[in-house]
Amino acid sequence: LKVSATWVWLIFGPGLMILILSKMWSVGVSEAIIRLYRILSEKPYLASYVEIVYAGLLPLLFTLADREDPRKYGFHREGALRSVALSTPLAVLIALLRGPPPFSYGLNFPWNVYYAVLTLTAYGPLEVFFVIWLVENMDSLLDGEGLISDGLLITVSVYGLLHAFCITCLNISAATLNALMVTVVLFVLTVIYKYTGNALGFVISWTIINRQSLLAAIECLM
């Protein structure tokens, strides 16, 4: 039930948000999407709220409510060094290819610090926890075993390809490329997580790689 609720909320929740905004703004759905696109284009850091609500909040609440041991999701010391050693080279390579932050959001204190922390957390550790939570619970549900389990394949494929619905991407080609890149990177990092049994490398690497996390946090502070 919890896994189903998480998937349903992730896939259909944003659409519900659009409908609510459409009613609040007294405009059509297409106009609401355009208006939201303009808002997020001008203030990309506001997307952190959407990320928290739809990709992180439910699994976190479920875990806290059930008082689960965080070690179940790879948050412990054992295997941490190996996890970081295997994961971070990919992150460093992508960061070097990407280059420095292109611009500043122009935020003043204390909002620059607030949104820097918010984006860093939402698109870094929280998103990684979201993926790991789904992988582990999908594996429990489907009796998935092995390094490349059913839970891993389903979670990474569906969640990665959902990034094709990128409201800040300029066109369909950019959105498709974004989805494919996210899927491939998530697959590699999740396999490393499964191999090492530790989430630290995944958290660090995804925080560096994800355009909306470390890079966006720096742009908030610039």
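Located above this text is the structure these notes cover.
In this text, all values refer to a predicted model and were calculated from it rather than measured experimentally. (Residues numbered from 1 in each chain as written. Predicted model: local features only at pLDDT ≥ 70, side-chain atom pairs only at ≥ 80, totals over all residues. Heavy atoms only, no water.)

Undergrad: Even after reading the chapter, I still don't get unusual backbone geometry, so can you show me in this structure?
TA: With glycine set apart, most residues show a phi of negative sign, and most peptide bonds adopt trans. With an omega dihedral of 5°, the bond running from Phe 109 to Pro 110 counts as a cis peptide bond. Mapped onto the secondary structure, Pro 110 falls in the loop between α5 (80–98) and α6 (111–123). Although it is not a glycine, Ser 26 sits at a positive phi angle of roughly 55°. Here Ser 26 is to be found in the loop between α1 (2–25) and α2 (29–42). Although it is not a glycine, Arg 67 adopts a positive phi angle of roughly 55°. (Helix = DSSP H or I, 4+ residues; strand = E, 2+ residues; numbered from the N terminus.)

Undergrad: Could you clarify how one ought to interpret the nonpolar core in this entry?
TA: Note that soluble globular proteins tend to have their nonpolar side chains buried in a common cluster. Counting 30 residues, the largest nonpolar core has Leu 186, Phe 202 and Trp 206 as its most contacted members. Elements with a contribution of two residues or more to this core: α1, α7 (125–142), α8 (150–161), α9 (172–196) and α10 (200–209). Ranked by the residues each element gives to this core, the list is headed by α7, at nine residues. When neighbours within four sequence positions are excluded, Trp 206 is seen to be in contact with Tyr 123, Gly 124, Glu 127, Val 128, Val 182, Val 185, Leu 186 and Leu 189. Formed by 11 residues, the second largest nonpolar core is a distinct cluster that contains Met 17, Leu 21, Ala 122 and Tyr 123. (Core = buried A, V, L, I, M, F, W, Y, C linked by side-chain atoms within 4.5 Å. Buried < 20%, exposed > 50% of the residue type's maximum accessible area, 1.4 Å probe, protein only. Contact = heavy atoms within 4.5 Å.)

Undergrad: What is the right way to read α6 from this model?
TA: Think of an α-helix as 3.6 residues a turn; residues three or four steps apart then line up on the same face. An ideal rise of 1.5 Å per residue puts 18 Å on 13 residues; α6 measures up with 18 Å between its terminal C-alpha atoms. Taken together, the buried positions of α6 are occupied by Asn 112, Tyr 115, Ala 116, Leu 118, Thr 119, Ala 122 and Tyr 123. Against α3 (47–54), α7, α10 and α11 (211–221) lie the buried residues of α6. (Expected span 1.5 Å × (residues − 1).)

Undergrad: Explain the pattern of salt bridges here, please?
TA: Any two side chains of opposite charge can pair, so long as their charged atoms come close to each other. Summed over the entire model, instances satisfying the criterion amount to five salt bridges. Between Glu 68 and Lys 72 there is a salt bridge, with its nearest N and O atoms 2.9 Å apart. With its nearest N and O atoms 2.7 Å apart, the salt bridge here joins Arg 71 to Asp 69. Assessed through its relative accessible area of 53%, Arg 71 is described here as exposed. Among the residues examined, Asp 69 registers a relative accessible area of 34% and is labelled partly exposed. (Salt bridge = Lys/Arg side-chain N within 4 Å of Asp/Glu carboxyl O.)

Undergrad: Explain the packing of aromatic side chains to me, please; I cannot follow it from the model alone.
TA: Under the counting rule described, the total for this entry stands at 11 aromatic pairs. Seen in terms of ring centroids, Trp 111 and Tyr 115 are 6.2 Å apart; in terms of plane orientation they differ by 35°. Their pairing is tilted. Separated by four residues within a single helix, Trp 111 and Tyr 115 lie in helix α6, roughly one turn from each other. Owing to a relative accessible area of 9%, Tyr 115 belongs among the buried residues under this scheme. Ring centres of Phe 130 and Tyr 159 lie 5.3 Å apart, and the angle between their planes is 55°; this geometry places the pair in the tilted category. (Phe/Tyr/Trp six-rings, centres within 6.5 Å; stacked < 30°, edge-to-face > 60°.)

Undergrad: Please explain a nonpolar patch on the surface as it appears in this structure.
TA: The grouping of Val 8, Ile 11, Phe 12, Leu 141, Leu 142, Ile 154 and Val 158 at the surface amounts to a nonpolar patch, some 610 Å² of accessible area in total. Where the nonpolar patch is concerned, the elements lending two or more residues are α1, α7 and α8. When you line up the elements, Phe 12 lands in helix α1. (Patch = residues over 30% accessible without salt bridge, like charges linked within 9 Å, V, L, I, M, F, W, Y side chains within 5 Å. Areas by Shrake-Rupley, 256 points an atom, 1.4 Å probe, with all protein chains shown as cover.)

Undergrad: It is not clear to me how the side chain of Asp 139 should be interpreted in this structure. Could you clarify?
TA: Note that Asp 139 resides in helix α7. Judged by relative accessible area, Asp 139 falls into the buried class, the value being 6%. Separated by 2.8 Å, the side chains of Asp 139 and Ser 149 make a polar contact. Residue contacts for Asp 139: discarding those within four places in its chain leaves Gly 144, Ser 149, Asp 150, Gly 151, Leu 152 and Lys 194. (Polar contact = N/O pair within 3.5 Å; in protein donor to acceptor, adjacent residues only side chain to side chain.)

Undergrad: Could you clarify how one ought to interpret the packing of α5 against α9 in this entry?
TA: Relative orientation and spacing of two packed helices are given, respectively, by the angle between their axes and the distance between those axes. Remark: α5 packs on α9, axes separated minimally by 9 Å, with the N-to-C direction vectors making an angle of 165°. One way to sum up the angle between α5 and α9 is to call them roughly antiparallel. Crossing of α5 against α9: the hand is right-handed. Contacts between α5 and α9 pair Arg 82, Ser 83, Leu 86, Ser 87, Leu 90 and Ile 94 from the former with Val 185, Val 188, Leu 189, Ile 192, Tyr 195 and Thr 196 from the latter. Among the residues forming the contact of α5 with α9, the class breakdown is eight nonpolar, three polar and one charged. (Axes fitted to C-alpha atoms, helices over the stretch in contact; angles between N-to-C directions. Parallel < 35°, antiparallel > 145°, perpendicular 65-115°, else oblique. Left-handed = near helix turned anticlockwise from the far one by under 90°. Nonpolar A, V, L, I, M, F, W, Y, C, P; charged D, E, K, R; others polar.)

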